[in-house]
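Take a look at the letters that make up each chain.
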Amino acid sequence: YPAATTTEGVSDTHRAGQYGGRVPRPTSFAELGVPAAIVEALSASGITQPFTIQAETIPDLVDGRDVIGRAPTGSGKTLAFGIPAVAMALERGPAHKKRPRVLILAPTRELAGQIHDELAPMLAAVGRHGLAVYGGVGLQPQINRLSSGVDVLVATPGRLEDLIQQRVVSLAEVEYVVIDEADRILEIGFEEDMKAIIRCLPKAGRQTALFSATQTTNVVDLARLAIQKKPTFVA
Ligand code: ADP
Ligand code: MG
């Protein structure tokens with residue numbers, strides 16, 4: 001684990017992780033602190049046993065802590081950050097129009113769509129609304145949905161910037177922001193959009209999770225910009 005590059009500048013961290021021994025062997029999502037309504041919705045989709053990355057991050061995330069995570073493809077990162085997203089939407093009550101409470105950033109249209117689809121059954125089960133916004137499709141349907149109230153917004157950085165500039169979405173009430181596949185977001189060239197988006201987020205009291213397959217200098221810089229609290233590292 002490249003501790004020197006990762007922890008510098010976001011110091012005073014503690015670590016979870018496979019060998020850290022901080023996380024007991026999980027037996028259920030309920031034991032990780034997931035609300036019962038969400039546990040039931042997961043179980044209806046056949047998901048009953050947390051994967052490792054989920055057991056390592058969900059307790060911190062549902063407790064409001066920041067997390068920087070690295071785990072291989074297929075390890076279950078979407079639910080690791082997504083279950084806490086649904087839990088927050090459930091707890092806080094329905095979002096105000098144009099003001100999502102949870103923002104999930106993803107590098108591509110396909111990924112944004114997949115994340116939204118994976119969270120949709122849980123959101124429906126708890127009476128909250130999700131929406132994925134990305135480029136290459138018309139703005140107006142996205143604008144209409146935003147103005148009817150979206151709790152969990154999944155977005156690609158470019159399209160989100162467009163929507164912010166058009167003032168059809170406000171990030172002023174975002175309490176939990178997730179940056180998924182941060183390395184790919186930067187590879188695609190969304191650095192300036194990401195900086196602009198982070199500037200639109202509340203200055204304090206917000207929770208952040210950042211997931212990335214690799215931790216380059218640029219990823220660490222982005223984490224430093226986005227993260228406000230002492231994060232837990234999971235690698
Ligand atoms: P990653 O983002 O780490 O590449 P995903 O979040 O896309 O991985 O998960 C990979 C697959 O595993 C998805 O099809 C997802 O539905 C499934 N999955 C995730 N968590 C669980 C779980 N706890 N039990 C069963 N299947 C799961
Ligand atoms: Mg993923």
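Residues numbered from 1 in each chain as written. Chains lettered and ligands numbered in written order. Predicted model: local features only at pLDDT ≥ 70, side-chain atom pairs only at ≥ 80, totals over all residues. Heavy atoms only, no water.

We now examine the site of ligand 1. In the neighbourhood of ligand 1, 15 residues make up the surrounding shell, with Q49, Q54, G74, K77 and T78 lying closest. In this structure, S75 approaches ligand 1 through a main-chain N or O atom, which is 3.2 Å from an oxygen atom. T78 has a polar side-chain atom sitting 2.9 Å from an oxygen atom of ligand 1. Computed on the free molecule, ligand 1 has an accessible area of 570 Å², of which 69% lies beneath the protein chains in the complex. For the shell around ligand 1, the element with the most residues is helix α4 (residues 77–92), which contributes three residues. Tallied by class, the residues present in the shell around ligand 1 amount to six nonpolar, seven polar and two charged. (Near = heavy atom within 4 Å. Polar contact = N/O pair within 3.5 Å; in protein donor to acceptor, adjacent residues only side chain to side chain. Areas by Shrake-Rupley, 256 points an atom, 1.4 Å probe, with all protein chains shown as cover. Helix = DSSP H or I, 4+ residues; strand = E, 2+ residues; numbered from the N terminus. Nonpolar A, V, L, I, M, F, W, Y, C, P; charged D, E, K, R; others polar.)

All right, on to unusual backbone geometry then. The phi angle at K98 is positive, at roughly 65 degrees, despite the residue not being glycine. Topologically, K98 is positioned in the loop between α4 and β3 (102–105). Residue K98 is classed as partly exposed on the basis of its relative accessible area of 35%. Notably, E181 is not glycine yet its phi reads approximately 55 degrees, a positive angle. According to the relative accessible area criterion, E181 is partly exposed, its value standing at 22%. (Buried < 20%, exposed > 50% of the residue type's maximum accessible area, 1.4 Å probe, protein only.)

It is worth spelling out the pattern of salt bridges at this point. Taken as a whole, this structure holds eleven salt bridges when the rule is applied. Of the charged contacts in the structure, one is a salt bridge between D60 and R65, with a shortest N-O distance of 2.7 Å. Its relative accessible area of 3% is what places D60 among the buried residues. When its relative accessible area of 33% is taken as the criterion, R65 is described as partly exposed. Its salt-bridge partner being K195, residue E192 comes within 3.9 Å of it at the nearest N-O pair. Note that E192 and K195 are positioned in helix α9 (residues 191–200) at a spacing of three residues, about one turn of the helix. According to the relative accessible area criterion, E192 is exposed, its value standing at 54%. A relative accessible area of 29% places K195 in the partly exposed class. Overlapping salt bridges, with partners in common, bring together E91, R92, R101 and E175 in one network. (Salt bridge = Lys/Arg side-chain N within 4 Å of Asp/Glu carboxyl O.)

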